[in-house]
Structure formats: C-alpha cells, structure tokens
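Here's the letter readout for the chains.
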Amino acid sequence: MDMMPEKKTTKQLLEEALKDQKRTPLYNPKALDELKQVFNKWQQESVQPADRENWQTIPQMVLGSGTPRDLLYTPLNNPNFDYGIDLGNSGQPPFTRGVHANMYRGRSFTRRQLAGYGGPEDTNERIKFLLDHGATGISIIFDLPTIQMYDSDDPVSTGQVGMSGVAIDSVEDMDLLFKDIALDEVTVSLVSHYPSNSAILFPMYLALAKRRGIPWDKLKGSIQNDITLEEVVRSGPEYIPPQDCFRIQCDNIEFIRKEVPLWNFMTINGYNLREFGTSAVTEMAVALANAIETLETLQDRGHDADWLGRRLAFFWSIGNDFFEEAARIRAVRRLWHRIMKHRFGAEDPRSTWMRCHVQTSGVSLTRQEPLNNVVRAGYHALAAVLGGVQSLHVDSFDEAYSVPTEEAALLSLRTQQILQEETGVTQVADPLGGSFYVEALTYEMEGRILAELDEIETLGGYVATIKDGWIHRKISNYFRKERELVESGQTRVVAENVYQSKAELPPINVFRYPEGASQRQKRRLEQLRENRDNQKVSAALAQLEKACRSGTNILPLAVACADVGCSEGELFVVFKKAFGLWKPPALW
Amino acid sequence: MSRKTKVLLAKLGLDVHNRGLVTVAMELRDEGMEVIYLGNCLPDEIIATAIQEQVDVIGVSSLGGAHLSLGSLLMQKAEQKGFKEELVFLIGGVFSPEDAEALAKIGFDGVYPPGSSRATIVSGLKAALSKKQAVDSSQLKDRR
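Residues numbered from 1 in each chain as written. Chains lettered and ligands numbered in written order. Predicted model: local features only at pLDDT ≥ 70, side-chain atom pairs only at ≥ 80, totals over all residues. Heavy atoms only, no water.

Trainee: Is there a simple way to explain the overall build of chain A in this structure?
Mentor: Within chain A, the regular secondary structure consists of 24 helices and 9 strands. A compact globule built from 588 residues should have a C-alpha radius of gyration of about 25 Å, and chain A, at 25 Å, falls within 12% of that. By principal-axis analysis of the C-alpha atoms, chain A measures approximately 85 × 75 × 50 Å. Excluding contacts between residues fewer than 6 apart, the proportion of contacts in chain A whose partners are at least 24 apart in sequence is 79%. When the accessible area of chain A is evaluated, it comes to approximately 23700 Å², of which 51% is carbon and sulfur surface. Within chain A, the 79 negative side-chain charges are centred at a point lying 2 Å from the centre of the 66 positive side-chain charges. (Helix = DSSP H or I, 4+ residues; strand = E, 2+ residues; numbered from the N terminus. Rg over C-alpha atoms; globule rule 2.2 N^0.38 Å. Contact = heavy atoms within 4.5 Å. Areas by Shrake-Rupley, 256 points an atom, 1.4 Å probe, with all protein chains shown as cover. Lys, Arg positive; Asp, Glu negative; His and termini not counted. Charge placed at Lys NZ, Arg CZ, Asp CG, Glu CD.)

Structure, rendered in structure tokens:
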C-alpha cells in the first residue's frame, strides 16, 4: 500500500538543503592544529584546576535559556567557519549581519515608545508630546476593555476604562486619538495583540483614513494580530476557539497585504510570551512555528510566499543575558532567511528578511530601588542595537509601580537617543560579528531554536500545541521554576535578593490616570448609538456573521461595520455567536 | 482533624496578566491549601463563589490599574454580605506605595506588590487567618 510521505519538519528540510553546501573554511587547518596545541597547553598550565573543571558554566538569569558558556572562545569553537555562508556582509544573505548594507548609517532604529491611557483625547496629548521630543514612530496600547473587546459601558468594563491603555469603542474614538496627526506621514503601531481585536480595531483605523481622504496605500505601520497573545498569553473571561482565531489571523493578513500594501499585517510576537515566562530560545521557536504555519495556510489559499514575506515583522523581548540577546537576534535572522528560502522557496532576498521591533524586558525590572531599572533597560537596549534591530521601545524604570509618568517615558526615549547620538555604536554594521564567542553563541542559539521548533512541529504544529495545552504547560513550568531560582537566590537580582539595602529612598512619583475617561466614553457611546443609522448597523453585523460562518474573508465586512459606526463590543458578540466559546487549558 | 484552608483566587475584571496569580495558586496548593482558581471575574461573582464554596481566603490580582476601583467594590460587596471581618482578603499586583496603603485601609489583610516572595505571602495569609478566626471563631462555627 502506498503511504503518504510524512511531512518533513523544518529542521529536516534545512538539513537536507544545506548538507551539500560546499564550504570554504576561513581558518587554515595548519593554523588550527597549532592553535589546538597551544590552547591545550595553556588550558593545562595556565588555567586553575577549578576553572578547568568548570570550563562550562550556565549563567542563571531572569528569562535565561540555560545555555552553557565556555571560559574562553577561540577559532576552535567554530573551525569550519565560512564567512560567506555563515555571515555574508550586511545586507547580504543569510543576513546574519543585518538586513541593510549600511545598517544604522542609512536609517537609525525607529524610536517607538508606547502611549495609551485614559480616553482618546488624553492619549492624543501624549502622542504629540513624544513626537515633539523626537520620537519617530507611534505605538498605541489599548485599555483592558478595548483589548478584551468589550465596550466601555459594558458592565465587565467597570472601573477599568482608560487604565493601562487608551479606551477605543468606535471609529469616532479613533478620530479623536489621531486628531491633528497626519496618518500618511507617521508610522503607527497599533498594539492590538489579538487577531480578533485586530479585525475590529484596524478596520476602524481604515475607516478613519477613508473619512479623511487618505488612500490606504499611503498608510504605514503595524498591527500585532497574533494567536499566541489571544489563546496562550492572555487571561480573559471569553475565548473563541484556536482554529477560528488562527483563521482570523490569516484573514487579517490576506486582506491587509492586498489592500494596505505598506502595512505590516502581523507582528509575530515573541515578547509577551517571553515576559509571561519562557526562555530566549522558546520565545523564538514558538514565534517561528506560528509564522511557518501561518505562511503555509496562506500558501494553501493561493498566495505567494515572496509576496507575503516582504511585510512580515517580528517582535522580541530583550533581557539580561547581554551576549545571548545580541547573538540570538543574529541567529534568528539567519534562520528565518533559510526557512523562507528553503522551506517556502522565496526567491527575492528582501522577502526573507527577519525585520523586528524589540522591547526591553519588563519582567526583568524590579520594584526595589527603581532607578536601577534605568541601567538594566540601558543594557537591554544596547544588546538590541548590537543585534541589529529595526525598531526599539525602552521600558521605563517605574513600571513596577504604575504606567510610566511623562518623566519616565521621556527618560526611556532619551536612553535611545543617547545610544543613537552619543555612543557611536551605530556607526559600524554588526560590530560583534567575528567575535569567537558571539559567532559560537549565534550558532548555539540557532541550533537550539531549530530543535525546539522541531519539537512543536513533531507534535502536530503550533495550533495543535495550543489546543492541547502543551504550550501552556511549558510556560507555567518555566515561570514556576524561575520563581524558585529567584527566591533561592540562584538567580541573582540586585537589591532584590543580593545587596539589599535598608536605606530610605525618596518617594517615587507615580502616574495618575486622568479623570473622567469612563464617563466620556459612556457619553460618546450613547451619542454614537443615537446618531448612527441603526438599520445599517444591524445589516453590517449580520453580513459579518455570515462571513464568519461561511469562511470567506471577514475583513471587508469588518471595515463596513466600522464605517457605519458599529462599536467594538458589537463585533465581538458576532464572533462569539459565530464561533462559540473555548475554554483554554489550565496552567497548573 | 483540621480542615484544609480553602482559598479562592481570581483576576480582577479584565486584567490579562496571570503569571503572578497562577504562581501563587501553585504555591498555596503546595502549602497544602485547597485552591479554587476562578479566572477573570467581577467582585459580585467573586463574592458569590466565596459564599457558595465557603472559602477562608479571597485572593485577587490586578496589574492593569483597576486595583482601587475594583478592589474597593470587592470590599463593599463583602461588607454588604457581612463577610468582610470573617474572611481574609489578599491582593497582588502593580500599585504605588500610596495605593498599597489605601488598599490596606479599605480592608485588604495582605497587599503584595511585584517581587513579593512566597514566604511573605504564605506567612501573611496564615497570620491574617489566625487573627480573623480568633476574633470570629464563634460566628464561623455558626455559619458552617
């Protein structure tokens, strides 16, 4: 009987594709031989026995990967090093050294700080403040009801409107949020997190552009649109099933790629998963698994991998392990290029770029002595820039107390500007390239990411590991262990479990939410419902529900809903009706 | 034989961050307590479940800024039902020192900002429990 050939994993495909590569090692074999002799002698004679025995140690850090480190790295760690195959120049495949030939000389990393609190008119002020102080991009975070897709006047939104993000209920709020801001001039990141709310909020943005007469092909920016956030990282009262969430993710991509060609239709999010609690390696393996399954699905819908790949973007967390962080950005750039080329047959090098926005790690910051966080975030930011990222957000020192104050948000922006203007690190592309250590670590990270990706694919793919809770359990095991390591002092955190101080510190300024956002949102919703054509609203919602059930792309219908003034909660009701509810697996 | 301490844990409102609360749930279970993890809930449902399950402790978590608005609503509801002085109320999350004081003032027996250790939470819970049970042991017996 003929058997269907089993589907090959990415690891198998890459091994096959790369095995016949003709390598030209950079190091001369004779020189390596000599080096080996000198090295062995040195190790025996000059290295203390204790260090020899503990040649490899495992750094114990918050959000670390447990990857062992040698005491010293030499060319012997990577004897077959081939410059062209392993690195290439900046802007050349496999893009280890960066996606652009001139890197930051051509274009600095985008200094994109998050903004969002209160009602849309409050956040509009913060946006203008950041732009006036040299921010080069906008990043909007939404309040909990908006993220969880409830209207501001829904009973479940009680006491939470405008907190830790901005409240948006309809296209009218979107208009206030971007008052006096030219949508065709700034790049806007809508931190919409979930596929479902991306399919609700981005159509409001598109409806606003239409209303202002701005063609959609002039719009630049990104949405998150990531199933990981909706079905794994999130805690919420109501979930739609993973397969439907994944379908909305793909609908978003398909529609945006076609209709809003300069928009990044998905930010494959490692950040929130990592911060929830996972290693530097798992963060990337999961994100790649998601990206691969998404591209496969869209290929099945008849789309070209090159066409899609050109607008794909990633989002990483940058934590404490300085060299590991820089190395793994390089590693995943090389790996993603190889995946696009060998798994998806991409022909245009541009569509194999791993472009990314990064945010410094929030979980790595402490409440004790909050000013120490300025230093931590500064190192995180430096690691990111040395890794060659495209866009950066630096966390603020007061985040264990409140949403950042204006002072703290400005200091984060200044951290970026000091890196950019005063340290000189942006003058040279990939300044760590060629370091024996960094190159060995880059290889190590690439191998580990690929191995974890293989595990997910062997288990049936990413959506399957969400459905059966494998990924949820992996995360909770990780953060539980991390908690034990910090509590036992094995993971050292300055001023928290080592070098604690009893000194009285001056009181910290904290952010206070503006008053009245909740009442204003309620009033605006009342006006909205009075002023709109409610027959058109019902008809638009009915059409959306029909599309949800029939399997055609829901986005054109979601835009029609935004146009006629549907509120966010009304669209979520449609999703729940059409798809039903899902109970996520327990974390413990 | 003494009955296991029964703890109800909930995310206040729509807050999306549950790493802390899940960690506490695992730790209290390891301490031999019975833990009911309710997920995202509003104060009404938390109190209703607490009554139904006859719990000793209610622990809530809020990292999204709603600790005072929903926290005080929870305490109001508890007071209306006559539970405020009987049960132990704990809250964890991101809040300023001032807000932490305010939460203690409105009746939370334990207030746990980021970085609170397992030992701090467990000993705080136990101390509050014995204090409240000592004051109210007769009433508790009547009820159960």
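Trainee: What is the right way to look at the domain arrangement of chain A in this model?
Mentor: How big an interface is tends to be stated in terms of the accessible area lost upon association of its parts. Split by domain assignment, chain A resolves into domain 1 (270–504) and domain 2 (524–579). Here domain 1 of chain A and domain 2 of chain A have C-alpha centroids that lie 36 Å from each other. (Domains from an automatic or database assignment.)

Trainee: For this particular structure, what's the right way to read the nonpolar core?
Mentor: Soluble globular proteins tend to pack their nonpolar side chains together in the buried interior. By size, the foremost hydrophobic cluster in this structure holds 146 residues, and its most contacted members are A:F178, A:W336 and A:F575. Setting aside its immediate chain neighbours within four residues, A:F575 contacts A:S196, A:A199, A:I200, A:I240, A:I248, A:L544, A:C548, A:I554 and A:G580. Of all hydrophobic cores here, the second largest spans 25 residues; its members include B:I47, B:F83, B:L87 and B:F95. (Core = buried A, V, L, I, M, F, W, Y, C linked by side-chain atoms within 4.5 Å. Buried < 20%, exposed > 50% of the residue type's maximum accessible area, 1.4 Å probe, protein only.)

Trainee: What am I meant to see in the sheet that holds strand β1 (residues 6–12) of chain B here?
Mentor: Adjacent strands of a sheet form backbone hydrogen bonds with each other and so pair up, either parallel or antiparallel. Residues and elements named next belong to chain B. Within the open sheet, the 5 strands sit side by side as β2-β1-β3-β4-β5. Their pairing is parallel. In the strand order of this sheet, the two ends are held by β2 (34–41) and β5 (110–112), each with one partner. Going from strand to strand, the sheet's axes swing by 15 degrees on average, the running direction of each strand aside. This element, helix α2 (residues 43–53), spans β1, β2 and β3 (57–62) of the sheet and lies at about 160 degrees to β2. Its contacts with the sheet put helix α3 (residues 67–80) on β1, β3 and β4 (88–93), and the angle it makes with β4 is roughly 170 degrees. (Pairing = 2+ DSSP bridges. Axes fitted to C-alpha atoms, helices over the stretch in contact; angles between N-to-C directions.)

Trainee: Please clarify how the pairing of β4(B) should be interpreted in this entry.
Mentor: The two faces of the sheet receive side chains in turn, since in a regular strand these alternate between them. Residues and elements named next belong to chain B. The buried count for β4 comes to 6 of 6 residues, which makes it a mostly enclosed element. Residues V88, L90 and G92 of β4 are buried on one face, and the alternating residues F89, I91 and G93, pointing to the opposite face, are buried as well. Examined bridge by bridge, β3 and β4 share 6 bridges and lie parallel to one another. When the bridges of β4 are listed, I58 appears paired with F89. Viewed along the sheet, the connection from β3 through α3 into β4 turns out right-handed. (Right-handed = clockwise from strand over helix to strand, strands pointing away.)

Trainee: Quick question: what am I supposed to make of the confidence of the model for chain B here?
Mentor: Caution applies to low-pLDDT parts of the model: their predicted coordinates are not meant to be read in detail. Residues and elements named next belong to chain B. On average, residues of chain B score 92 in pLDDT, and 92% of them are at 70 or above. Between residues 140–144, whose pLDDT stays under 50, and residues either more than four places distant or in other chains, the model counts 11 contacts. The ipTM assigned to the predicted complex is 0.90, against a pTM of 0.94. (pLDDT = per-residue confidence, 0-100.)

Trainee: Just checking my understanding: could you explain the sheet that holds strand β9 (residues 391–393) of chain A for this structure?
Mentor: All names here are of chain A. Spatial strand order, β5-β4-β3-β2-β1-β9-β8-β7-β6: 9 strands in an open sheet with parallel pairing. In this open sheet, the two strands that pair with only one neighbour each are β5 (263–264) and β6 (266–269). Alignment of strand β8 (residues 355–360) against β9, held across 3 bridges, turns out to be parallel. From the neighbouring strand, V358 faces β9, where its bridge partner is L392. This element, helix α13 (residues 280–300), spans β6 and β7 (312–318) of the sheet and lies at about 165 degrees to β7. Helix α15 (residues 322–343) rests against β7 and β8 of the sheet, and its axis sits at about 160 degrees to β7.

Trainee: Explain the pattern of salt bridges here, please?
Mentor: Pairing is possible between side chains that carry opposite charge, provided their charged atoms lie close to one another. On inspection of all chains with the given rule, the structure shows 55 salt bridges over all chains. Between A:E296 and A:K7 there is a salt bridge whose closest N-O contact spans 3.1 Å. Of this pair, A:E296 sits in helix α13 while A:K7 sits in the segment before α1 (10–18), placing them 289 residues apart in sequence. What makes A:K7 exposed here is its relative accessible area of 59%. The shortest N-O distance in the salt bridge between B:R19 and A:E482 comes to 2.7 Å. One end of the pair, B:R19, is in helix α1 (residues 19–30); the other, A:E482, is in helix α20 (residues 470–487), on a second chain. Take B:R19 and A:E482: they sit in the same class, and that class is buried. Three or more residues are tied together by salt bridges with common partners; here these are A:E121, A:D122, A:D173, A:R520 and A:R524. (Salt bridge = Lys/Arg side-chain N within 4 Å of Asp/Glu carboxyl O.)

Trainee: Looking at this model, I keep getting lost on unusual backbone geometry. Mind explaining?
Mentor: Backbone geometry follows two general trends: most residues other than glycine have a negative phi, and most peptide bonds adopt the trans configuration. Residue and element names in this part refer to chain A. The amide bond that connects P93 to the next residue, P94, takes the cis arrangement and shows omega of 0 degrees. Along the chain, P94 falls in the loop between α4 (83–87) and α5 (103–106). For E369, which is not glycine, the phi torsion reads 45 degrees and is therefore positive. Among the residues examined, E369 registers a relative accessible area of 23% and is labelled partly exposed. Notably, D430 is not glycine yet its phi reads approximately 45 degrees, a positive angle. Locating D430 in the fold gives a position in the loop between α17 (406–422) and α18 (436–458).

Trainee: Please clarify how the side chain of A:T267 should be interpreted in this entry.
Mentor: All names here are of chain A. Structurally, the position occupied by T267 is in strand β6. Reaching out from T267, the side chain makes a polar contact with the backbone oxygen of I223 at a distance of 2.7 Å. For T267, the residues in contact, after removing those within four places along its chain, are S222, I223, Q224, D226, A313, F314 and F315. (Polar contact = N/O pair within 3.5 Å; in protein donor to acceptor, adjacent residues only side chain to side chain.)

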